[in-house]
Amino acid sequence: MKRYLLQRIGFMLITLFIIVTATFFLMQLLPGTPFTNPEKLTDSQLAILNAKYGLDQPVAIQYIQYIGNLVQGDLGYSFQHEGRTVTSMISDRIGPSAFIGLQALVIGAIIGLVLGIVSALKHNSLLDYGSVTLAVLGMSIPSFVFAALLQYYVGVKLEWLPVALWEGYSSTLLPSIALSVTVTATVARFIRSEMLEVIGQDYIITARAKGLKENQVIVKHVIRNALIPVVTMLGPLAVSIMTGTLVIEKIFAVPGLGEQFTLSILVLDYSVIMGITIFYSALFIFVVFVVDIIYSFLDPRINYKGESA
Amino acid sequence: MERKRKTQIFMILIAFVLILSGCNFNSSESSNEESAAEGEAGQVLNISTTADIPTLDSTKAHDGIAFTVLNNVNEGLYRQDENHEPIEALVTDHTENEDKSVHTFTLRDSNWSNGEPVTAQDFEYAWKRVMKDASPYNFMFVTAGIKNAEAIMNEEMDAEELGVKAIDEKTLEVTLEAANPLFQSLMTFPTFLPQNQKFVEEQGDQYALEAENILFNGPFTLVDWTHEQGWKYEKNEDYWDADTVKLDAVNAYVVKDPAAGVNLYETNKVDRIVLSSEAVDQNKDDENFDTILEPEVIFLRFNHNHPVLGNKNIRQAVNMAIDKASLTDVILKNGSTALNGIVPKGFFKSPTGEDFRDLNGDFNTGTVEEAQKLWETGLKETGATDVTVSINIADSEDHKKVAEYIQAQLEDNLPGFKLDIKAVPFAQRLEIEKAVEYDLSLSSWGPDYSDPMTYLDMWLEGGSANRMDYKNAELEELVASARTETDLEKRYQMLLDIEKILLEEDAAIVPLYQEGAAVLMRSKIKNLLVHPTGASFSYKWVTIEE
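The structure displayed is predicted, hence computed values, not measured ones. (Residues numbered from 1 in each chain as written. Chains lettered and ligands numbered in written order. Predicted model: local features only at pLDDT ≥ 70, side-chain atom pairs only at ≥ 80, totals over all residues. Heavy atoms only, no water.)

### So, the overall build of chain B
Looking only at helices and strands, chain B features 19 helices and 21 strands. By the compact-globule yardstick of 24 Å for 546 residues, chain B fits well, its C-alpha radius of gyration being 26 Å. In terms of overall dimensions, chain B has C-alpha extents of about 85 × 80 × 55 Å along its principal axes. Counting across all 546 residues of chain B, residues that qualify as buried make up 58%. Sequence-distant contacts, at least 24 apart, represent 69% of the contacts inside chain B between residues at least 6 apart. Total accessible area on chain B is roughly 22,400 Å²; 46% of this is exposed by carbon and sulfur atoms. Computed over 48 positive and 98 negative side-chain charges, the inter-centroid distance for chain B is 4 Å. (Helix = DSSP H or I, 4+ residues; strand = E, 2+ residues; numbered from the N terminus. Rg over C-alpha atoms; globule rule 2.2 N^0.38 Å. Buried < 20%, exposed > 50% of the residue type's maximum accessible area, 1.4 Å probe, protein only. Contact = heavy atoms within 4.5 Å. Areas by Shrake-Rupley, 256 points an atom, 1.4 Å probe, with all protein chains shown as cover. Lys, Arg positive; Asp, Glu negative; His and termini not counted. Charge placed at Lys NZ, Arg CZ, Asp CG, Glu CD.)

### What to know about the interface of chain A and chain B
Chain A puts 52 residues into the contact, and the matching count from chain B is 62 residues. Here chain A and chain B share an interface that buries about 5,100 Å² over both sides, 62% of which is from carbon and sulfur atoms. Interface area lost by chain A to chain B is led by E39(A), K40(A) and E167(A), which between them contribute 14%. Taken together, the links from chain A to chain B amount to 3 salt bridges. The residue K269(B) makes a salt bridge to E167(A) at a minimum N-O spacing of 3.1 Å. For the side of chain A that touches chain B, the per-class residue count stands at 26 nonpolar, 16 polar and 10 charged. (Buried area = accessible area lost by both parts, 1.4 Å probe. Salt bridge = Lys/Arg side-chain N within 4 Å of Asp/Glu carboxyl O. Nonpolar A, V, L, I, M, F, W, Y, C, P; charged D, E, K, R; others polar.)

### So, helix 15 (residues 397-413) of chain B
Residues and elements named next belong to chain B. Spanning 17 residues, helix 15 covers 24 Å between terminal C-alpha atoms, matching the ideal 24 Å at 1.5 Å per step. All of the buried residues along helix 15 are H399, V402, A403, Y405, I406, Q409, L410 and N413. All buried residues of helix 15 project into a common sector of 165° when viewed along the axis, lining one side. Exposed positions of helix 15 whose direction lies more than 90 degrees from the buried face are E397 and D412. (Expected span 1.5 Å × (residues − 1). Arc of directions from axis to C-beta.)

### Examining the pairing of strand 15 (residues 417-424) of chain B
Residue and element names in this part refer to chain B. Note that strand 14 (residues 387-394) and strand 15 share 8 bridges and pair parallel. Bridge pairing in strand 15 places T388 opposite K418. Running through helix 15, the crossover from strand 14 to the neighbouring parallel element strand 15 is right-handed. (Pairing = 2+ DSSP bridges. Right-handed = clockwise from strand over helix to strand, strands pointing away.)

### Description of the pairing of strand 8 (residues 220-226) of chain B
Residues and elements named next belong to chain B. Counting buried positions along strand 8 gives 5 out of 7 residues, so the element sits mostly inside the fold. Bridge count for strand 8 against strand 9 (residues 230-235) is 6 bridges, and the pairing is antiparallel. Among the inter-strand pairings, L222 is bridged to a residue of strand 9, identified as Y233. In this antiparallel pair of consecutive strands, strand 8 and strand 9, the connection spans 3 residues, and E228 shows a positive phi of 70°.

### Section: the environment of P452(B)
Residues and elements named next belong to chain B. Tracing the backbone through its elements, the reader meets P452 in the loop between strand 16 (440-445) and helix 17 (453-456). Judged by relative accessible area, P452 falls into the buried class, the value being 2%. The spacing of P452 and E499 is 47 residues in sequence and 9.5 Å in space, taken between C-alpha atoms. Excluding residues within four positions of it along the chain, P452 makes contact with V343, F348, F356, Y492 and L495.

### With respect to the packing of aromatic side chains
Residue and element names in this part refer to chain A. The full count for this structure, using the stated rule, is 29 aromatic pairs over all chains. When the ring of F79 is compared with that of Y270, the centres are 6.2 Å apart and the planes differ by 85°; the resulting orientation is edge-to-face. Of this pair, F79 sits in the loop between helix 3 (59-71) and helix 4 (86-121) while Y270 sits in helix 12 (residues 270-298), and the two are 191 residues apart along the sequence. With a relative accessible area of 10%, Y270 lands in the buried category. Counting every residue linked through ring pairs, the aromatic cluster contains F24, F25, Y63 and Y66. (Phe/Tyr/Trp six-rings, centres within 6.5 Å; stacked < 30°, edge-to-face > 60°.)

### Quick look at the UniProt feature "domain: Solute-binding protein family" (unreviewed entry) in chain B
UniProt marks residues 85-465 of chain B with the feature "domain: Solute-binding protein family" (unreviewed entry), using the numbering shown here. Note that residues 85-465 of chain B is 31% helix and 23% strand, and that its end C-alpha atoms are spaced 26 Å apart. (UniProt positions renumbered as here; feature names shortened; annotations may be inferred.)

### Regarding the side chain of R357(B)
Residue and element names in this part refer to chain B. Within the secondary structure layout, R357 lies in helix 13 (residues 356-360). Taking the relative accessible area as the measure of exposure, R357 reaches 6% and is therefore buried. Separated by 2.8 Å, the side chains of R357 and E499 make a polar contact. (Polar contact = N/O pair within 3.5 Å; in protein donor to acceptor, adjacent residues only side chain to side chain.)

### Some remarks on a nonpolar patch on the surface
Together, V106(A), I110(A), I111(A), V114(A), V118(A) and L127(A) give the surface a local cluster of nonpolar side chains, amounting to about 500 Å² of exposed area. For I111(A), the location among the structural elements is in helix 4. (Patch = residues over 30% accessible without salt bridge, like charges linked within 9 Å, V, L, I, M, F, W, Y side chains within 5 Å.)

### Some words on the packing of helix 9 (residues 214-242) of chain A against helix 12 of chain A
All names here are of chain A. At a minimum axis distance of 9 Å, the contact between helix 9 and helix 12 shows a crossing angle of 170°. In terms of orientation, helix 9 and helix 12 fall into the roughly antiparallel class. On helix 12, the residues that touch R224, I228, V231, T232, G235, P236 and V239 of helix 9 are L283, F284, V287, V291, I294, Y295, F297 and L298. A per-class count over the contact of helix 9 with helix 12 returns 12 nonpolar, 2 polar and 1 charged. (Axes fitted to C-alpha atoms, helices over the stretch in contact; angles between N-to-C directions. Parallel < 35°, antiparallel > 145°, perpendicular 65-115°, else oblique.)

### Quick look at the sheet that holds strand 7 (residues 171-175) of chain B
Residues and elements named next belong to chain B. Here we have 4 strands laid out as an open sheet, ordered 4-5-7-6, and antiparallel in their pairing. Each edge of the open sheet is held by one strand with a lone partner, namely strand 4 (91-96) and strand 6 (164-168). Averaged over all neighbouring strand pairs, the angle between strand axes comes to 20°, with direction disregarded. As paired strands, strand 5 (residues 102-107) and strand 7 are joined by 5 bridges and run antiparallel to one another. Residue pairing in the sheet places T104 in a bridge with E173 of strand 7. Contacts from helix 4 (residues 120-132) reach strand 5, strand 6 and strand 7 within the one sheet, and its direction differs from that of strand 6 by about 165°.

### Focus: a negative patch on the surface
Taken together, the side chains of E266(B), D285(B), D286(B) and E287(B) define an acidic patch exposed on the protein surface. D285(B) sits in the exposed class, given a relative accessible area of 72%.

### With respect to the nonpolar core
The nonpolar side chains of a soluble globular protein tend to be buried with one another. W127(B), I146(B) and Y539(B) are the most contacted members of the largest nonpolar core, which has 114 residues in total. Residues in contact with W127(B), not counting those within four places in the same chain, are L77(B), F141(B), I146(B), L162(B), V164(B), V174(B), M187(B), F192(B) and L193(B). Of all hydrophobic cores here, the second largest spans 62 residues; its members include V20(A), L179(A), V187(A) and L268(A). (Core = buried A, V, L, I, M, F, W, Y, C linked by side-chain atoms within 4.5 Å.)

### Quick look at the UniProt feature "transmembrane region" (unreviewed entry) in chain A
Residue and element names in this part refer to chain A. Mapped onto this structure's residue numbering, the UniProt feature "transmembrane region" (unreviewed entry) falls at residues 9-30, 98-120, 132-153, 173-191, 226-248 and 268-295. Regarding residues 173-191, the helix share stands at 100% and the strand share at 0%, and the terminal C-alpha atoms are separated by 25 Å. A distance of 40 Å separates the end C-alpha atoms of residues 268-295, which is 93% helix and 0% strand.

### Side note on the pattern of salt bridges
Summed over all chains, the structure comprises 33 salt bridges over all chains. In this structure, E259(A) and R93(A) form a salt bridge, with 3.2 Å as the shortest nitrogen-oxygen distance. With E259(A) in helix 11 (residues 257-266) and R93(A) in helix 4, this residue pair connects regions lying 166 residues apart in the sequence. Across the pair E546(B) and K524(B) runs a salt bridge, and its minimum N-O distance is 3.7 Å. Pair noted here: E546(B) is in the segment after strand 21 (543-544) and K524(B) is in the loop between strand 17 (509-521) and strand 18 (525-526), with a separation of 22 residues, a long-range link. A relative accessible area of 75% places E546(B) in the exposed class. Several salt bridges share partner residues, and in doing so they unite R93(A), E259(A), E228(B) and K256(B) into one network.

This is the structure:
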């Protein structure tokens, strides 16, 4: 196990390094400058600014400098927000994104699991059809439609929850609910089809033949086995949802990271693009790693020894 | 044993995830109640804004949001009044030498929010700081004609050589390259605000990053600034003109989605919002609905090296073949208005009080038949039978709509004209434009200061905003004379003539429309000033009348 972990961590670092390198060079291909009001900059001003920020150096040199700083944990300064470090921008904004995302994940996973399990157990019943229909709707209607509907009906018409802005716990609810719809639908569909598959397996027949109670069969054998693929899917879903979603954050005026990422690409804020990309990738790689470890708890057939990597 | 270990690792992972997701709401819960209570208090303005403040350092600020905040929390030599004209702020007396190149300002007694007096040295320090750091708006010093600014900007001279000097604590002397009729009006621009040297140096690289890292000397102080969420102003009791300020507080909320803005307006959370064009139809019957003109202009650049587009008759034909009114009223519907000149309507009055646009009238308007006649002549002159060109645009929704409309109009109205649309990211559009590697380009221009010149001197040969290889010797001469002409009426006539050369004589571009905004603002809000350049708003004179 220990050897496996070390190996994995090594691969994670290599992956991250490749991502950093690729992003750095691809980003240089984007036209334009990271400076504000490019419409008004004269060529001589531009040259002075480029020199000031080291952008007049060959790309290879800039790359080595960047990696050097990165190793020391320095992500540099934003071009758009004069004087602010990229680290502080990320740490300021990941909180709201993660909170809404995690809350959506919890809501979505719980409702999704219940819906999925119930419809698998009552296969081909009205309940099953009902929840499948709901799941399909949830998958196919984009979350921003729910967001707009929730904002108007719950926020403006009923005045139960704040319309938007980030002012205390109550304002996290609508964005979380809007985000959770996709999670609910995905989880419900997944768990349903997995359970139906597992129920047909030989080991379930064995379990029943051993005389286990139906409850035990379902909980210990069916659900546990059906959860494995759900965990695979939930990991990356968690990352994408926790690191912020542009549209939901915009609609509810949440000061999150997703919106910042999009904006930094549009204005070519080099250091912010790099910083957020690295942060996202690291988080993603880490979560995939965590998911792999969780496997070994869920599925006794998977046992990590060094060679299994 | 194995199982126990696994459980341990699992618990550690869970703990890690929980730490990762740790989240604070700042002081949000309490501020929520606070603002609800203030809602009833009366003299409080709640506004929405589209983005966070990029920086509060007046020497580095470069956008309307930062300029607006600075304009309301700081005080410079002059301030814009309701006609965007300069009125005395910290200045009590202003004298000039004979040739109007040396200006001496006497400052009134006033204090920074830390109790220290605002001095002439504060101006000298801040201005030199702009030049030293090659800040984004250092060109304003060149526009203002301050001595040596251009040389410093081109790194031929040291920032210390800038023509500004504190004679004593209350006397500031500014030397210009030559007389400049715009000088006083430019002094309202936030880049010319003072800074307290001791404080700035104490703060170091933390200066102006948060509300507590900056000093105030204006009508309001910034008491709370939460990045990406909003900020709050409170009346500054120590402001020299505090009696004039009626508002107790202003809450600014960052709202990027226009639809969310409408919903916040409906729930009384904000008092003024800008509507997107989709929301205009729904709200245009509201008693608080209004459209306002904005100073940004949208126009087409021609590549003047193009064998066919280089012909004046062809350019004039293109001008006339586009029905601009339908573009703004049917296609865009966002408060913008058709424009037949380069200087927009509603912002720039002559010394005798008449609008620039009314004085110069419309250029190159005509019927489709007239356009076709010019088109025929132009084709004959250039020896072409048909023209296939492309238009360079930024890939925004609005610009695509406009380009498609222009394509339809030109292809329908001018026989043999074929237009391809090339949509690229904004930054690339600009690069292509600067290299003059296009046929037609859909461009926009916003003013830097409150004077028509900001739309007129951009057409100088070799100027960084020309970007179409246009040249006219007469225009060059007129711009040069207008820059130093201190007889305001004569100067204004020159400005009118420059536009005539650009459009009547040369039909060098196609003006399309002037941006506008559709807004909803509660009628209880009075005297909110909206400015075309520099700061977008002044809250100093706002009152709430329930």
